[in-house]
Amino acid sequence: MPSVLTRYVLRRWTLPFLGALFFYGFLLLSWEMVQISKEIFSEGAPLRWLFPLLLTSLPENLGLVLPMAAVLGGLMGTQQLMEGSELVAAQGLGAGQRTWTKPWLIMASILVLLATLNAHFIVPVAARIQQASRVKMAEEAKARFLRPGAPPWFPPGAPKSAFWVSPKGQIHIMESTPQGVQHLVASTMTYALEAKADGSTELQLHLTGLQGALFQTAGSGSVIHLNQEKQVLRFEIPAGARLLPPTPLRYESSIALLRVIRSPKDKEILLKAAMEFCRRTTLPLAAAALLLLGIALGFGHPRFYRGGAMIKSLGVIMLYYLVMKYFENMWMGGKMTTVFPLLLVPLPFLLSGWWLLRHRLRPHRSAR
């Protein structure tokens, strides 16, 4: 059973960690809510889809928030102990490095376990449920706006295109281009959504039996009669900016990703599968590494070393994600032949935290 001092230190670190988890989680959740609302309005779907899409995005956001909350919680908790001169009193009673590394090991083990379960099991299931909800939402939007007699529907990202279904079921496509105005009538249409690599969604309309005319506004103003057997119209629904853009294989389980890595059929799929698996592996380890680094950054003089926890934690977080994104771009660009740099991203931060903690706990000696 942990000693009284260990339990006390854990409590002083846990409370700021929970506060940081709520703070960063609320920020990401608010941003996610705005982006999902834009997507719903652009597709013309009911607002009731906001809650299920937001709920299924929580596990993925939690995986990103845990390292962020770990560094801020460890830094703020240690600074509070330092400002109250509690660390100075503990060091005066003989508390050494083991006194602080033991509670870190306990807290880091819990964080790594929870983050690993979330990354490898909960996130893929939630991503699949979210994708199924997006398909149902698209089908409902289609039935709402592409029903006979409904008002014209303007696809997302294409304000100069319009679709209208007549009461008799004919599908009218109107489009304005620099060359002229085009009006086509299609006999059948199918509607599909496809997730892209950058996290955006592509809306695909497959039209068959098209007949119509093109009025050329530029030039002679002639009319050209059109007759096409089939046509595919694609409209991109952009995704909001993300700290780490999701990969197209985020719906697959970790076992399926390992199968792809062991027996790849396509090099591009192999690169994406390896990157997704490395994310699920390193982000939980990053929570432990950044927690130690935050604890080490919190040590200092109780009188002259105060404040700045938020700025320091943001600097560490941005540095970690920039390094992680740099190696991911190198991997996807084919400039790295091994995946080990992606797996070793948390290691420099862990070693930096360990070295800084030893340096801060070293007794002060005046220069001769």
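The structure this text deals with has already been given above.
Just so it is clear, the structure is predicted and the values come from calculations on it, not from any experiment.

Q: Explanation requested: the overall build of the protein chain in the structure shown.
A: Regarding its fold elements, the protein chain presents 10 helices and 6 strands. Looking at the 368 residues of the protein chain, the share that counts as buried comes to 44%. Across the protein chain, the fraction of contacts at a sequence separation of at least 24, relative to all contacts at a separation of at least 6, is 68%. When the accessible surface of the protein chain is totalled, it reaches about 19,600 Å², and 66% of it is carbon and sulfur.

Q: In this structure, what is going on with the packing of aromatic side chains? I would like to understand it.
A: Two aromatic rings are characterised by how far apart their centres lie and by the angle between their planes. Scanning all chains against the criterion turns up 6 aromatic pairs. Arranged with centres 6.3 Å apart and planes meeting at 20 degrees, the rings of Phe22 and Phe26 form a pair that is stacked. Placement of both Phe22 and Phe26 in helix H1 (residues 4–43) is noted, with a separation of 4 residues, approximately one turn of the helix. Clustering of aromatic rings is evident, with ring pairs tying together Tyr320, Tyr321 and Phe349.

Q: What exactly am I supposed to notice about the pattern of salt bridges here?
A: Counted under the stated rule, the structure contains 4 salt bridges. Salt-bridge contacts for Lys272 lead to Glu268; the nearest nitrogen and oxygen are separated by 3.1 Å. You can see Lys272 and its partner Glu268 sitting in helix H7 (residues 267–298), 4 residues apart, about one turn around the helix. One salt bridge in this structure joins Glu328 and Arg279, with 2.9 Å as the shortest N-O distance. Placement of the pair is Glu328 in helix H8 (residues 309–332) and Arg279 in helix H7, with a sequence separation of 49 residues.

Q: I would appreciate a short explanation of the nonpolar core in the present structure.
A: Nonpolar side chains in soluble globular proteins tend to be buried together. In this structure, Leu291, Tyr320 and Tyr321 are the most contacted members of the largest nonpolar core, which totals 49 residues. Elements that contribute at least two residues to this core include exactly H1, helix H3 (58–83), helix H5 (97–145), H7, H8 and helix H10 (346–361). For this core, the element with the most residues is H7, which contributes 12 residues. Sequence-distant contacts of Leu291, that is, excluding residues within four places in its chain, are made with Ala70, Val71, Gly74, Trp104, Met107, Ala108 and Leu111. Counting residues in hydrophobic clusters, the runner-up holds 20 residues, among them Ala138, Ile171, Ile173 and Leu214.

Q: Could you clarify how one ought to interpret the environment of Ser30 in this entry?
A: Examined against the element boundaries, Ser30 turns out to sit in helix H1. Between the C-alpha atoms of Ser30 and Leu54, which are 24 residues apart in sequence, the distance is 9.7 Å.

Q: Could you clarify how one ought to interpret the environment of Tyr321 in this entry?
A: Within the secondary structure, Tyr321 sits in helix H8. Linking Tyr321 and Leu64, residues 257 residues apart in sequence, is a C-alpha distance of 9.8 Å. At a separation of 2.9 Å, a polar atom in the side chain of Tyr321 contacts the main-chain carbonyl oxygen of Leu64.

Q: I keep staring at the packing of H7 against H10 and nothing clicks. Help me out?
A: How two helices sit against one another is set out by the angle between their axes and by the gap between those axes. One way to put it is that H7 packs onto H10 with a least axis distance of 8 Å and a crossing angle of 20 degrees. The orientation of H7 relative to H10 falls into the category roughly parallel. Helix-helix and strand crossings are classified by hand; for H7 and H10 the assignment is left-handed. Residues Thr282, Leu285, Ala286, Ala289, Leu290, Leu292, Leu293, Ala296 and Leu297 of H7 lie in contact with H10, whose contacting residues are Pro346, Phe349, Leu350, Ser352, Gly353, Trp354, Leu356, Leu357 and Arg360. Residues that form the contact of H7 with H10 fall into these classes: 14 nonpolar, 3 polar and 1 charged.

Q: What should I look at first to understand the pairing of strand S3 (residues 180–186) in this one?
A: Across a regular strand the side chains alternate sides, sitting on one face of the sheet and then on the other. Bridging between strand S2 (residues 171–176) and S3 involves 6 bridges; their strand directions are antiparallel. Pairing of Glu175 across the sheet is with Gln182, part of S3.

Analysis parameters
Residues numbered from 1 in each chain as written. Predicted model: local features only at pLDDT ≥ 70, side-chain atom pairs only at ≥ 80, totals over all residues. Heavy atoms only, no water. Helix = DSSP H or I, 4+ residues; strand = E, 2+ residues; numbered from the N terminus. Buried < 20%, exposed > 50% of the residue type's maximum accessible area, 1.4 Å probe, protein only. Contact = heavy atoms within 4.5 Å. Areas by Shrake-Rupley, 256 points an atom, 1.4 Å probe, with all protein chains shown as cover. Phe/Tyr/Trp six-rings, centres within 6.5 Å; stacked < 30°, edge-to-face > 60°. Salt bridge = Lys/Arg side-chain N within 4 Å of Asp/Glu carboxyl O. Core = buried A, V, L, I, M, F, W, Y, C linked by side-chain atoms within 4.5 Å. Polar contact = N/O pair within 3.5 Å; in protein donor to acceptor, adjacent residues only side chain to side chain. Axes fitted to C-alpha atoms, helices over the stretch in contact; angles between N-to-C directions. Parallel < 35°, antiparallel > 145°, perpendicular 65-115°, else oblique. Left-handed = near helix turned anticlockwise from the far one by under 90°. Nonpolar A, V, L, I, M, F, W, Y, C, P; charged D, E, K, R; others polar. Pairing = 2+ DSSP bridges.

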